[in-house]
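Working through the structure, step by step
Chain by chain, the residues:
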Amino acid sequence: MTRVGSEAIRETFLGFFEKNGHARIAGAPVVPKNDPTLLFINSGMAPLKPYFTGEVTPAHPDLCNYQACIRTKDIEDVGDRHHLTFFEMLGSWSIGNYFKDHAIELAYGLLTDGFKLKPSQLYVTVFAGDPALGIPADEESAAAWERVGISRDHIVALPAEDNFWGPAGNSGPCGPCTEVFLDTGDAFGPAYVPGGEFDTKRRYIEIWNAGVFMQFNKGLDGTFQPLPFTSVDTGSGLERLELALNGLDTVYESDLLAPVVTSVQEMLGETGEIQRHHRLIADHMRASTIILADGARPSNEGRGYIPRRLVRKCVTVALSRGHDTLNFEPVLDVIIDRLGPHYPRIAGGRDMLTEVIRAERDDFGRTVRRGMERLDGIIAGKGAIDGADAFNMFATYGLPVEITKEIAAERGVEVSLDDYEKEFRQHQVRSRGVAETASGPKHLKASDVLPGTIAKLPRTDFLGYDGLTTQARVLAILVNGNPVETLESGVPADLIVDRTPFYAEGGGQVGDSGELVGTDAHGRITSTLSHSSGHSTHHVTLIDGSLAVGDQIELSVEAYARVRTAANHSATHLLNAALRRVLGDHVTQAGSLVEPERLRFDFTHPTPMTAEQIEATERLVNDWILTGAKRHVDIMTPDEAKAQGAISLAGEAYGDEVRVVSFGSMSKELCGGTHVDHTTMIGSFRITTEQSVAAGVRRINAVTRDGAINYALEQTHTLREVSSVLRSNPRDAAVAAQRLLDRVNRKGSGAAEAGQPATVRPTLDTTVGDVRVVAGKLNAEMPVLRTEAQRLSAEHNGVVMLWNTADNGKTTVVVSLAPAVAARLNATAIVRDLTGRVGGSGGGSPAIAQGGVPALPAGTDLGQELVTTITALTAA
Ligand code: ALA
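The following paragraphs examine the structure supplied in this document. Model, not experiment: these values are computed from the prediction.

Along its length, the chain carries 25 helices and 33 strands. Relative to a compact globule of 876 residues, whose C-alpha radius of gyration would be 29 Å, the chain shows 32 Å and is just as compact. If one aligns the C-alpha atoms of the chain with their principal axes, the spans along those axes are about 95 × 80 × 55 Å. Of all 876 residues assigned to the chain, the portion counted as buried reaches 51%. Taking as baseline every contact in the chain between residues at least 6 positions apart, the subset at least 24 positions apart corresponds to 66%. If you sum the accessible surface of the chain, you get close to 38700 Å²; carbon and sulfur atoms cover 51% of it. The average position of the 84 basic charges and that of the 110 acidic charges among the side chains of the chain differ by 3 Å.

Quick look at the site of the ligand now. As a matter of local geometry, the ligand sits amid Ser43, Met45, Arg71, Met89, Trp165, Asn209, Val212, Asp233, Thr234 and Gly235. A distance of 3.3 Å is found between an oxygen atom of the ligand and a side-chain nitrogen or oxygen belonging to Trp165. Asp233 places a polar side-chain atom, nitrogen or oxygen, 2.7 Å from a nitrogen atom of the ligand. Out of a free accessible area of 220 Å², the ligand has 94% covered by protein chains. For the shell around the ligand, the secondary structure elements donating two or more residues are β8 (204-218) and β9 (224-237). In terms of residue count, the dominant contributor to the shell around the ligand is β9 (three residues). Considering only residue class, the shell around the ligand consists of four nonpolar, four polar and two charged.

The next point concerns the pairing of strand β28 (residues 764-768). Direction of pairing for β28 relative to strand β29 (residues 771-777): antiparallel, over a ladder of five bridges. Paired with Leu764 across the strands is Ala775, a residue of β29. Counting the residues that bridge the hairpin from β28 to β29 gives two residues, and of these Gly769 lies at a positive phi of roughly 60°.

The next subject is the state of the cysteines. For the structure on display, the rule yields zero disulfides. Distance from the sulfur of Cys174, which forms no disulfide, to the nearest cysteine sulfur (Cys177) is 11 Å. Residue classification places Cys174 among the buried positions, given a relative accessible area of 0%.

Glancing now at the packing of aromatic side chains. Here the structure, examined in full by the defined rule, presents 19 aromatic pairs. Centroid distance Phe164 to Phe224: 6.0 Å. Interplanar angle 85°. Geometry classified as edge-to-face. Remark: Phe224 occurs in strand β9 and Phe164 occurs in strand β6 (residues 164-165); sequence separation between them is 60 residues. Judged by its relative accessible area of 13%, Phe164 falls in the buried class. Where Tyr192 meets Phe198, the ring centres are 5.3 Å apart and the plane angle is 85°; that geometry is what we call edge-to-face. Tyr192 gets classed as buried once you look at its relative accessible area, which sits at 11%. On the basis of relative accessibility, which here comes to 8%, the residue Phe198 falls in the buried class.

To continue, consider the sheet that holds strand β24 (residues 658-663). Judged by pairing direction, the sheet is antiparallel, and its three strands sit side by side in the order β23-β24-β25 without closing on themselves. Among the strands making up the open sheet, the edge pair consists of β23 (631-636) and β25 (667-670). Between one strand axis and the next, the sheet turns through 20° on average, direction left out of account. Pairing of β23 with β24, which is carried by six bridges, proceeds in the antiparallel orientation. Paired with His632 across the strands is Ser662, a residue of β24. Across the face of the sheet, helix α17 (residues 559-583) comes into contact with β24 and β25 while running at roughly 115° to β25.

Here Pro762 shows up in the loop between α21 (733-749) and β28. What makes Pro762 partly exposed here is its relative accessible area of 42%. Separated by 374 residues in the primary sequence, Pro762 and Ala388 have C-alpha atoms spaced 74 Å apart. Not counting residues within four places of it along the chain, the set of residues in contact with Pro762 comprises Val774, Ala775 and Gly776.

Turning our attention to helix α24 (residues 827-837). Of the positions making up α24, those classed as buried are Ala827, Thr828, Ile830, Val831, Leu834 and Thr835. In an axial view of α24, the angular spread of the buried residues amounts to 160°, which keeps them on one side of the axis. If you check the start of α24, you find a side-chain oxygen 2.8 Å away from the backbone N of Thr828, and it comes from Asn826. Once α24 finishes, Gly839 follows within two positions and takes phi at roughly 85°, a positive value.

Quick notes on the rules
- Residues numbered from 1 in each chain as written.
- Predicted model: local features only at pLDDT ≥ 70, side-chain atom pairs only at ≥ 80, totals over all residues.
- Heavy atoms only, no water.
- Helix = DSSP H or I, 4+ residues; strand = E, 2+ residues; numbered from the N terminus.
- Rg over C-alpha atoms; globule rule 2.2 N^0.38 Å.
- Buried < 20%, exposed > 50% of the residue type's maximum accessible area, 1.4 Å probe, protein only.
- Contact = heavy atoms within 4.5 Å.
- Areas by Shrake-Rupley, 256 points an atom, 1.4 Å probe, with all protein chains shown as cover.
- Lys, Arg positive; Asp, Glu negative; His and termini not counted.
- Charge placed at Lys NZ, Arg CZ, Asp CG, Glu CD.
- Near = heavy atom within 4 Å.
- Polar contact = N/O pair within 3.5 Å; in protein donor to acceptor, adjacent residues only side chain to side chain.
- Nonpolar A, V, L, I, M, F, W, Y, C, P; charged D, E, K, R; others polar.
- Pairing = 2+ DSSP bridges.
- Disulfide = S-S within 2.5 Å.
- Phe/Tyr/Trp six-rings, centres within 6.5 Å; stacked < 30°, edge-to-face > 60°.
- Axes fitted to C-alpha atoms, helices over the stretch in contact; angles between N-to-C directions.
- Arc of directions from axis to C-beta.

Right, dumping it as structure tokens:
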């Protein structure tokens, strides 16, 4: 067999789709933009989600690319035959254009013409159907595969767990799929017999998810809604494809990974057979490289914890194999050489990558070495490591249990994981729900009750209204909610001190962040919380040195973040007052969030604000900012505050004394938060969104200072871009857009001569029983038919059917049901019954379905056919 390399495979795939009318687009960074449901980009479609939902329309409907992907759920399996943390995915898409038939024709073309595979080597799986999802077996795909040349006994129907893909992350587009497997031959197990088990582990290797047929959008609440149009999404792991096409044993033999594995062996000075830990370091270094190059930075939480965990694992392996440190630089060089040509951000990032990985390595190296000494001490003392020891290693040195296990194994000692789990659970109970997960120790939550001994300490004295720096004494240190006497660097902890300038989260305002400096310690405080006992806890991680209870330290709040937060808090008060002026005195605060970057304000008001009301509110707040009014703070009794007309929070209990914050005569509110000295420090104020959060409650998001200026600049930039596309000046952009829209509508409706925009004039509008039934002809492409049918079915709250007859006589129909009707009728059943009677076929989802009739019998009245169908189905 002549070997085919990754470059040839990449180009064969992309070249084939380009030749077949697909535009090649760039891949996205692995760190997702605007997708909090996803830790990292994990498939080619993930960055394209807005195309599938119809939020954004791509310049070209048919696309292809290669996309860097990170799959963290496979980390534990890395080092085996084909699991990787980082891999490249070759992908192709049709956004609302072609569907199953053409997708499968293309797939077959690429496999047999492009990759020269014989049909007899190929097996395909299709969706077996799932009543729970309301989707029938995918007969169309099976038939399409047979048509192109795959024999029936090579087509395997599998259930949803195998052949229903997505969403990427917790929510988003998903649908049934069809996958292609390569037969690696008799040496790897018995051949598949129809009806028997299809062995996807050894003999048959998946090489391509050749079509996810995107039909649904899964919501965060777990429900499936039909997408406005159907799309095709395909994806194939490049390293895996190289393995399959060349009959390799593992993906690490691919030309993308083999040189990296060799350099890892060289780094460790271990020649001879390739071992799992060589593969593991190669994978982890590659994954760290792309994650860091794409902008994530090592940290103890979320995305940042992944590169930290990967580098730490590599360091531990090196140390446990007798090296002083991880001399990763030559390995990184090989990775940059291999990936650089396809990822310019890696090629240009050598210095940054070296620096960040080196810092991580050195930091962790120190901790691990201390941990290892301690472990050796324990082993020497009692010859064993129990669960409590393993847990302590984690709590004190940040050593994940799997690393402790590995080190212990090197010394020939086993760790009982049962014990560890027990210890872990007891600890969870002790710290009242302070969960610790694989992502490292967790900070306390405000709702956590502090241990009894801590609650007895004097309450925290807050000095942050007047200054940002204070000397303080450490009263307690908590790791995972448990009091400890000393803290080492790198371990997240919660700190209690006697006095602090740090504002603790409360009244909607976030807790302060900043720095801690001791005689032998330097740490970062990322947030501050307050607890019912009257203590503030500071989330701290030491960057250097160590800290002990009783130490004297200096605490400094990050001034820039504080001033931005204060500006947003003061602006919230002005907004609250302005809304009462603009909308009326019924406006009361229903919630608020004040951060350095933005403010969010929820208030009672029955209807959406009009554009005029929003503008009037923005103007009023900005006018008030320009008055330069000073902030006044008065302490008084709640009754006095009420007499002065200060705004308070409904239902809130106040003590004997309250703090009243006012700006001139404009605003007076009860508030414990931190504010700017005078209103001009707010700079400028812009509302970014106004929306509903619950019945009768509206939400405003707004920005101030540089945030407001950036927002204004972005808006101007967008307007400039839009007007340049429309070839108008910004002032006339709306008129130009309207003109363009009218032209497009005229073209779409085929009514150019008549000069009419595309509208459906229903030829039928009736009721069957109590179901409203509307039907009409619309000369437009399928995506337009679908969108219009959906819009009209919602508008009429009934069944809507639209159709279009092409020049060749082929008639296309779409049936859409309003949600209330979809509970009783099924769009697919309607389309099948109707088209079946007039010589066509169709399919779709319960809420929307489409069908085709090659030639409509003369005199057919489709509206009347629809009435017949619905009468029959409602009677059934
Ligand atoms: N998005 C599909 C997958 O990742 C193609 O398998």
